[in-house]
Amino acid sequence: MAAIGHELVALLPRLRRFALTLTRSPTLADDMVQIACEKALLNAESWTAGTRLDAWVFRILRNSWIDHLRHHKGDGMMDDVHNYEDRLMDQDSGESQIVSKLTLADVQRAIAELPAEQREVLVLVCVEDLAYREAAEVLGVPIGTVMSRLARARKRIVEATDAA
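A. Inspection of the overall build of the protein at higher detail. When helices and strands are tallied, the protein shows 8 helices and 0 strands. In sequence order, the secondary structure elements of the protein are arranged as α-α-α-α-α-α-α-α. Across the protein, every contact between residues at least 6 apart in sequence was considered, and the portion connecting residues at least 24 apart equals 65%. Carbon and sulfur atoms provide 55% of the accessible area of the protein, an area that totals close to 9500 Å².

B. Broad picture of the side chain of T23. Counting through the fold element by element, T23 comes out in helix α1 (residues 2–23). A polar contact is formed between the side chain of T23 and the backbone oxygen of S25, at a distance of 3.1 Å.

C. Structural detail: the pattern of salt bridges. Taken as a whole and judged by the stated rule, the model has 10 salt bridges. For the salt bridge of R52 with D54, the shortest nitrogen-to-oxygen distance reads 2.6 Å. The class for R52 is partly exposed, based on a relative accessible area of 33%. With a closest N to O distance of 2.7 Å, E134 and R52 form a salt bridge. Of the two residues, E134 sits in helix α7 (residues 132–139) while R52 sits in the loop between α2 (26–42) and α3 (53–71), which places them 82 residues apart along the sequence. Here the residues in one salt-bridge network are R14, R17, R52, D54, E128 and E134, joined through shared partners.

D. Just the confidence of the model for the protein, in detail. Predicted confidence across the protein gives a mean pLDDT of 81, with 79% of residues reaching 70 or more. This stretch, residues 77–93, has a pLDDT under 50; its non-local contacts, to residues over four places away or in other chains, come to 30 contacts.

E. View of α2. Given a rise of 1.5 Å per residue, 17 residues ought to cover 24 Å, and the 24 Å separating the end C-alpha atoms of α2 matches this to within 8%. Burial in α2 covers these residues: P26, L28, A29, M32, V33, A36, C37 and A40.

F. View of the packing of α2 against α3. Two numbers describe how α2 lies on α3: the axes approach to 9 Å, and their chain directions differ by 120°. By the criterion of interaxial angle, the relationship of α2 to α3 is oblique. The element α2 and its partner α3 pack so that their crossing is right-handed. In this structure, α2 contributes L28, M32, V33, I35, A36, K39 and A40 to the contact, and α3 contributes W56, V57, I60, L61, S64, W65, D67 and H68. Within the contact of α2 with α3, the residues separate by chemical class into 11 nonpolar, 2 polar and 2 charged.

G. Geometry of the nonpolar core. Core analysis: the largest hydrophobic core is formed by 42 residues, its most contacted members being L8, L15, V57, L61 and L124. When contributions to this core are tallied by element, the ones reaching two or more residues are α1, α2, α3, α6 (116–127), α7 and α8 (143–163). Aside from chain neighbours lying at most four places away, what touches V57 is L8, L11, L15 and A40.

H. Spatial organisation of unusual backbone geometry. Non-glycine residue R24 carries a positive phi angle of around 65°. Its place among the elements puts R24 in the loop between α1 and α2. For R24, a relative accessible area of 22% corresponds to the partly exposed category. Residue D129 is not a glycine yet carries a positive backbone phi of 60°. Note on placement: D129 falls in the loop between α6 and α7.

How each quantity is defined
- Residues numbered from 1 in each chain as written.
- Predicted model: local features only at pLDDT ≥ 70, side-chain atom pairs only at ≥ 80, totals over all residues.
- Heavy atoms only, no water.
- Helix = DSSP H or I, 4+ residues; strand = E, 2+ residues; numbered from the N terminus.
- Contact = heavy atoms within 4.5 Å.
- Areas by Shrake-Rupley, 256 points an atom, 1.4 Å probe, with all protein chains shown as cover.
- Polar contact = N/O pair within 3.5 Å; in protein donor to acceptor, adjacent residues only side chain to side chain.
- Salt bridge = Lys/Arg side-chain N within 4 Å of Asp/Glu carboxyl O.
- Buried < 20%, exposed > 50% of the residue type's maximum accessible area, 1.4 Å probe, protein only.
- pLDDT = per-residue confidence, 0-100.
- Expected span 1.5 Å × (residues − 1).
- Axes fitted to C-alpha atoms, helices over the stretch in contact; angles between N-to-C directions.
- Parallel < 35°, antiparallel > 145°, perpendicular 65-115°, else oblique.
- Left-handed = near helix turned anticlockwise from the far one by under 90°.
- Nonpolar A, V, L, I, M, F, W, Y, C, P; charged D, E, K, R; others polar.
- Core = buried A, V, L, I, M, F, W, Y, C linked by side-chain atoms within 4.5 Å.

Right under this line is the structure:
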């Protein structure tokens, strides 16, 4: 269990990033990461040594998020959505930096507008670098579903950023 604890600490930034993708709220993301870490530590014996710990904990995190959504259905909990574009825009006067920030803001906006299942796949595969099979295991769907969701997500991002 101590070894898993050390590895969990190393995974915290990645877990938080995935939790932010799911929750869209820094406060709620932190809570979900804490819940997932607690569950991982309490159930450490169910993790199979030699398999990817990150994929296992991502699955715990996602399942905890689904449980949270079911429990708080209808609470209006999504009112705490952050506006990430505001953080991107600072007072830098360099044209290339401004263009880069606008492009990044367009991509972030496009990602934020993706359906949750496409956003999850995109983050797991493209940001967290999980293989399609590992992402499929985390999400509990077939590999083909991961591939089609990822393709649709990429297409939507391209369409949204080309139009911007």
